[in-house]
Number of protein chains: 2
Amino acid sequence: MPFGCGLFTILVRKRLALKKLSRKEREFQMHRREILEAALDLFSEKGFHNVTMQEIAKESEFAVGTLYKFFANKEELYKALVLEKSKEFHPTLLKALGKGKDEIGCIRAYLEAHIRVFMDNLKFVRLYLAETRGARFNIGAGLDEELEKKHKEILSKLSDVFKRGIRKKLFENFDPYLLARALEGIIHAFLFQHVDDPEGHPFDADLVMKLFFERIVKIDTQK
Amino acid sequence: MPFGCGLFTILVRKRLALKKLSRKEREFQMHRREILEAALDLFSEKGFHNVTMQEIAKESEFAVGTLYKFFANKEELYKALVLEKSKEFHPTLLKALGKGKDEIGCIRAYLEAHIRVFMDNLKFVRLYLAETRGARFNIGAGLDEELEKKHKEILSKLSDVFKRGIRKKLFENFDPYLLARALEGIIHAFLFQHVDDPEGHPFDADLVMKLFFERIVKIDTQK
DNA sequence: TGACAATATGAACATGCAGTCATAATATGA
DNA sequence: TCATATTATGACTGCATGTTCATATTGTCA
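No experiment lies behind these values; they were computed from the predicted model shown.

Visitor: For the protein's contact with DNA strand D, give the residues involved together with the corresponding values.
Guide: DNA strand D sits among 20 residues. The nearest are A:G65, A:T66, B:R23, B:M53 and B:K74. Counting only atoms of DNA strand D within 4 Å of the protein, the fraction found in sugar and phosphate groups is 69%. Here a phosphate oxygen of DNA strand D sits 3.1 Å away from a polar atom, N or O, in the main chain of A:A63. Here a phosphate oxygen of DNA strand D and a side-chain polar atom of B:Y68 are 3.0 Å apart. For the surface near DNA strand D, the secondary structure elements donating two or more residues are α4 (64–70) of chain A together with α2 (23–46), α3 (53–60) and α4 (64–70) of chain B. Ranked by residues supplied to the surface near DNA strand D, first place goes to α4(A) with four residues. Class assignment of the residues belonging to the surface near DNA strand D gives a composition of ten nonpolar, five polar and five charged.

See below:
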């Protein structure tokens, strides 16, 4: 029986999770991570359907059969990759939203966290955006729902911040949810721009704050 | 030899393009369009890799072999679909950019055209955004370059408008290219929101204009 | 109407790849 | 060191699907 399966092992792992991992378990997790890392390189470069298990095997220096000791199939491998990475990000972003002194501070903290986290993980961002935005054609089902839920949660918390700001008369009375969407849209636009051409138009949290919050027209020509 | 190939036919088609098409030619184009229409339904629903030629054949009510009379292979079919649709949109958007009285008017006209065109073609928008944003994993090469060029052209013209507005002291002095990106980001964010939940948060050109151009904060708490 | 050309058809073929499993390699511990 | 258990391996299999082509169907015109 392969390591890491079966009821007994699950119980053992549960127990160990609270104390410390056995060498076996550490190695198992290490190998798992190596596979995911190799898979990330390939998937982010060529997309789910243009990567073969052979390639992942070669890149990670395991045999094809070994991959199936860690993941039930290609789809599960992909899901694990996207979901586990996302689970690192989402709490960071959510936490950041609670860190400001006032509502503007919260938005700013969120922005900074967002930019930092994404800049540090550009390879993953390609995958994440492919799943979050655009067409999510990569897998059958299961990934969508889970990611969608987390994404909605962030949008919801973000619009709560806007809502509070509006109630406090800090912000103009726009639809808070659309404000959240708009902010996200600007961030993504800049991230894309940056991915396309990292040297081109540098941007940071300051710039996004100014663009988003300050008025752009000087004279009032709105009808 | 299938209809529509060969030097002679090309010359004939060229001549006819100026006058009118033969019945044969009209039928050929009609069938071609029907295939593309069926393919659009399927691709926009399931993505390039999850649609088979069999399915396209069934949906379009042609035989598999017939599809290959119109398109060299699956990839060419997909390319034709995306490129031809894009070629309808891009000129509309570009033209709209020249239609305003002043720079704000141009942006407004662009926005209205953008929203209208996209709303009328939601099925295609899914594909377009999958190719334009996010990961463009669908095909080898060839589509990317052409679409990218057209997309850059619009961004460039859009930032020219911002540049003129800044020079005229109509707009604050932001990087015009980033303004263009930001506007596009907001539009896309709202479009996505709309695709996800058409009843939820309605938006129109007015709203985007206000969100983009008007300041959002009431009191000045910027650092 | 019939003879020929143009076009459509879908069963069959070829290929690529996800997933398996008998065997090899390695680790364990007596 | 050896017997046994554990884990890794990659050649192989089965299937899905893009593409072809011999045949059937339809259109054309005398």
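Read on for the rest.
Visitor: An account of empty space enclosed by the protein is requested, with residue identities and associated values reported.
Guide: All names here are of chain A. Throughout the structure, instances matching the rule amount to five cavities of 30 Å³ or more. For the second largest cavity, the calculated volume is near 80 Å³. Contributing to the lining of the second largest cavity are F89, H90, L93, Y110, H114, F118, Y128, T132, H151, I154, E184 and H188. When contributions to the lining of the second largest cavity are tallied by element, the ones reaching two or more residues are α5 (74–96), α6 (103–119), α7 (122–132), α8 (143–167) and α9 (176–196). Classifying every residue of the lining of the second largest cavity gives six nonpolar, five polar and one charged.

Visitor: Describe helix α2 (residues 23–46) of chain A, and please don't skip the residues or the numbers.
Guide: Note: α-helices contain 3.6 residues per turn, so residues at a spacing of three or four share the same orientation. Residue and element names in this part refer to chain A. For α2, built from 24 residues, the straight-helix expectation of 34 Å at 1.5 Å per residue is met to within 8% by its first-to-last C-alpha distance of 35 Å. Buried residues of α2: E25, F28, R32, I35, L36, A38, A39, L40, L42, F43 and S44, and no others. In the stretch just after α2, G47 is the one whose phi turns positive, near 85°.

Visitor: Before we move on, can you summarise the protein's contact with DNA strand C with the specific residues and values?
Guide: In the vicinity of DNA strand C, 19 residues are found, and the nearest of them are A:R23, A:M53, A:K74, B:G65 and B:T66. Of all DNA strand C atoms lying within 4 Å of any protein atom, the proportion belonging to sugar or phosphate reaches 69%. Here a phosphate oxygen of DNA strand C and a side-chain polar atom of A:Y68 are 3.3 Å apart. Contact distances for DNA strand C include 2.9 Å between a phosphate oxygen and a backbone N or O atom of A:K74. Elements with a contribution of two residues or more to the surface near DNA strand C: α4 of chain A together with α2 and α4 of chain B. Grouping the amino acids of the surface near DNA strand C by side-chain chemistry returns nine nonpolar, six polar and four charged.

Visitor: Tell me about the relation of the copies chain B and chain A, and please be specific about residues and values.
Guide: For the match of chain B to chain A, the screw axis carries a shift of 0.0 Å, the RMSD comes to 0.0 Å, and the turn is 180°. The symmetry that links the two subunits is that of a two-fold axis. When C-alpha distances to the rotation axis are compared across chain B, the minimum falls at B:R215, with a value of 1.9 Å. Comparing interface residues between copies, 98% of those in chain B also sit at the interface in chain A, which points to an isologous, same-surface contact.

Visitor: Please provide a residue-by-residue account of the confidence of the model for chain A, values included.
Guide: Per-residue pLDDT for chain A averages 86, and the proportion of residues at 70 or more is 86%. This stretch, residues 1–19 of chain A, has a pLDDT under 50; its non-local contacts, to residues over four places away or in other chains, come to twelve contacts.

Parameters and conventions
Residues numbered from 1 in each chain as written. Chains lettered and ligands numbered in written order. Predicted model: local features only at pLDDT ≥ 70, side-chain atom pairs only at ≥ 80, totals over all residues. Heavy atoms only, no water. Near = heavy atom within 4 Å. Polar contact = N/O pair within 3.5 Å; in protein donor to acceptor, adjacent residues only side chain to side chain. Helix = DSSP H or I, 4+ residues; strand = E, 2+ residues; numbered from the N terminus. Nonpolar A, V, L, I, M, F, W, Y, C, P; charged D, E, K, R; others polar. 1 Å grid on protein atoms, 1.4 Å probe; cavity = no way out; pocket = protein on both sides within 12 Å on 5 of 7 lines; lining within 4 Å. Points joined across faces, edges and corners; volume = space filled by probe spheres on them. Expected span 1.5 Å × (residues − 1). Buried < 20%, exposed > 50% of the residue type's maximum accessible area, 1.4 Å probe, protein only. Least-squares fit on C-alpha atoms with pLDDT ≥ 70 in both. Contact = heavy atoms within 4.5 Å. pLDDT = per-residue confidence, 0-100.

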